[in-house]
Amino acid sequence: MSSGWKYVTKQLLLILFIVVMCLIFLAVGLVLGYSVMGDGSHPLAILSPDKWHSIISKFSGK
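Keep in mind the model is a prediction, meaning the values are calculated, not measured.

Let's talk about the overall build of the protein
Looking only at helices and strands, the protein has two helices and zero strands in total. For a compact globule of 62 residues, the expected C-alpha radius of gyration is about 11 Å, and the protein comes in at 18 Å, more than 25% above that figure. Considering only C-alpha atoms, the protein reaches an extent of 55 × 30 × 15 Å along its principal axes. Here the protein holds 62 residues, and the buried ones make up 6% of them. Total accessible area on the protein stands at roughly 5400 Å², and carbon and sulfur atoms take up 76% of it.

This is how it looks when you write it as structure tokens:
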């Protein structure tokens, strides 16, 4: 019975690892895209909540 839980734990850790890596690659892609193709003033500005509020308000019209 414990071998089943070990397998489930390993699979959940693998899924968690993949999700974390995807989030890291998304953040790196956003920073590189914003700094190279965007205005490029401050690359980490794309990760700030204020920037996302302005982006969402442009698309939603609010």
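The structure having been displayed, the exposition proceeds.
Some thoughts on the UniProt feature "transmembrane region" (unreviewed entry) in the protein
The sites that UniProt annotates as "transmembrane region" (unreviewed entry) are residues 12–34. The span residues 12–34 is 100% helix and 0% strand, and its two end C-alpha atoms sit 33 Å from each other.

A few points about helix α2 (residues 49–60)
Owing to its 3.6 residues per turn, the α-helix aligns residues three or four sequence positions apart on the same side. Counted at 1.5 Å a residue, the expected span for α2 with its 12 residues is 16 Å, and the 16 Å between its end C-alpha atoms agrees. Where α2 ends, the next residue or the one after it, G61, has phi of about 80°, a positive value.

Examining the environment of G33
Note on placement: G33 falls in helix α1 (residues 2–36). Its relative accessible area of 29% is what places G33 among the partly exposed residues. With 20 residues separating them in the primary sequence, G33 and H53 have C-alpha atoms 18 Å apart.

What counts and what doesn't
- Residues numbered from 1 in each chain as written.
- Predicted model: local features only at pLDDT ≥ 70, side-chain atom pairs only at ≥ 80, totals over all residues.
- Heavy atoms only, no water.
- Helix = DSSP H or I, 4+ residues; strand = E, 2+ residues; numbered from the N terminus.
- Rg over C-alpha atoms; globule rule 2.2 N^0.38 Å.
- Buried < 20%, exposed > 50% of the residue type's maximum accessible area, 1.4 Å probe, protein only.
- Areas by Shrake-Rupley, 256 points an atom, 1.4 Å probe, with all protein chains shown as cover.
- UniProt positions renumbered as here; feature names shortened; annotations may be inferred.
- Expected span 1.5 Å × (residues − 1).

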